[in-house]
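Chains, contacts and geometry: an overview
So the chains spell out like this:
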Amino acid sequence: MQTTLKTIVRFDGTGLHTGRPAKLVLRPAPANTGIVFRRVDISDVDNRLRATWDHVVLSPLNTRLTNAAGVMVSTIEHLMAALSGTGVHNALIDIDGPEVPIMDGSAAAFVRGIVEGGLMRHAAPLRAIEILRDVSVVDGLARAALSPATSLQIAFDIEFTDAAIGQQAKTLNMANGAFVRELCDSRTFCRSADVDMMRANGLALGGTLENAVVVDGDQVLSPGGLRHADEAVRHKMLDALGDLYTAGAPILGRYTGTRAGHAMTNRLLQALFADPAAWRYVQCDAKVAARLPGVGVSKADLFAVA
């Protein structure tokens, strides 16, 4: 069955790239609503944005939604990962600015708020997207692919010249709360050498050592160091889960990312939905639902979250 939030959940923070403060309010929504953002600071045009792949504007640094009126909301990926990883299928998200707050650079605060607030079930059945055959996109050394599997699995590998990151790889079956326990507290990361360049281009204006892991060669500049030795690849998996949730339903399939990012995952969804033979909707009975992200998550899982 579909789920929604049991109560209103509120967050305050600052946008990573805009540096602007933002208030975020997650509200319960009826069955078949999906995930919908509403820019409450805009009233003269349509201010609603469906969080689906066909409303995503390609961007290498974040995931950005737009609608036909030109209204935008950016950096949705951590919140989308939290919604997917806690099993929220329907939500109305009010925001009073153009960017979702970055919080501590991970999805932990969103996960904690959702889990502590609780979920309620709708009577409506839940559909998932079953991957039927391999689909992939390639850009130089970067690749993203979806292949058949009985649950959502994510495999990711990255390689950076900075020794603090280096080469990392990880694979997880996302069923049964794995996201909450293994990934949700992993923070966004960047190289110190890139910070000035981003700010010169009007980005990372709200970035600090408190909301991102900043590395310089073999040094981690952020206070307290890393939460996980492989925090960087875990965060890339977090991003992938959030971006995949813009498919509009949970996915039953294996995602493989090699040096992939937000834009490539969106291109992968475009390729998937352009090939009707590569996927189908399946109704989730109890056996299928038990393999979805978020099913079985409880407050006890929060003990593993930073």
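Whatever comes next refers back to the structure up there.
Residues numbered from 1 in each chain as written. Predicted model: local features only at pLDDT ≥ 70, side-chain atom pairs only at ≥ 80, totals over all residues. Heavy atoms only, no water.

1. Observations concerning the nonpolar core
- Ranked by internal contacts, the top residues of the largest apolar core, which has 76 residues, are Leu26, Phe37, Leu83, Phe179 and Tyr255.
- In terms of residue count, helix 5 (residues 231-244) provides more of this core than any other element does, seven residues in total.
- Excluding its chain neighbours within four sequence positions, the residues that come into contact with Phe37 are Asn47, Arg48, Leu49, Ala51, Leu65, Val73, Ile76, Leu79, Met80, Ile93 and Val100.
- With eight residues, the next largest nonpolar core counts Ala128, Val282, Cys284 and Leu292 among its residues. (Core = buried A, V, L, I, M, F, W, Y, C linked by side-chain atoms within 4.5 Å. Buried < 20%, exposed > 50% of the residue type's maximum accessible area, 1.4 Å probe, protein only. Helix = DSSP H or I, 4+ residues; strand = E, 2+ residues; numbered from the N terminus. Contact = heavy atoms within 4.5 Å.)

2. Notes on the sheet that holds strand 16 (residues 189-191)
- Strand order in the open sheet formed by three strands is 16-17-18, and the pairing between neighbours is mixed. Of all the strands in the sheet, the pair left with one neighbour each is strand 16 and strand 18 (219-220).
- Contacts between helix 4 (residues 192-200) and the sheet are confined to strand 16 and strand 17 (213-216), with strand 16 contributing the most and set at about 95° to the helix. (Pairing = 2+ DSSP bridges. Axes fitted to C-alpha atoms, helices over the stretch in contact; angles between N-to-C directions.)

3. Remarks on the environment of Trp279
- Inspection of the secondary structure assignment puts Trp279 in strand 21 (residues 279-283).
- Judged by its relative accessible area of 17%, Trp279 is buried.
- Distance in space between the C-alpha atoms of Trp279 and Glu130 is 5.5 Å, their sequence separation being 149 residues.
- With residues up to four places along the chain from it excluded, the contact list for Trp279 reads Ile129, Glu130, Leu132, Leu272 and Phe273.

4. Considerations on the packing of helix 1 (residues 77-85) against helix 2 (residues 108-117)
- Packing of helix 1 against helix 2 brings their axes to within 9 Å, and their N-to-C directions diverge by 35°. Taken as a pair, helix 1 and helix 2 cross one another with a handedness that is right-handed. Counting all contacts with helix 1, which are made through His78, Leu79, Ala82 and Leu83, the residues of helix 2 involved are Phe110, Val111 and Ile114.
- Looking at the contact of helix 1 with helix 2 residue by residue, the classes come out as six nonpolar, one polar and no charged. (Left-handed = near helix turned anticlockwise from the far one by under 90°. Nonpolar A, V, L, I, M, F, W, Y, C, P; charged D, E, K, R; others polar.)

5. What to know about unusual backbone geometry
- In this model, Asn32 sits at a positive phi of 70°, which is unusual for a non-glycine residue.
- Judged by relative accessible area, which is 62%, Asn32 ranks as exposed.
- The phi angle at Met103 is positive, at roughly 55°, despite the residue not being glycine.

6. A word on the environment of Ile102
- Structurally, Ile102 can be placed in the loop between strand 9 (91-95) and helix 2.
- When its relative accessible area of 3% is taken as the criterion, Ile102 is described as buried.
- Leave out the neighbours within four places in its chain, and Ile102 touches Thr14, Leu16, His78 and Asn211.

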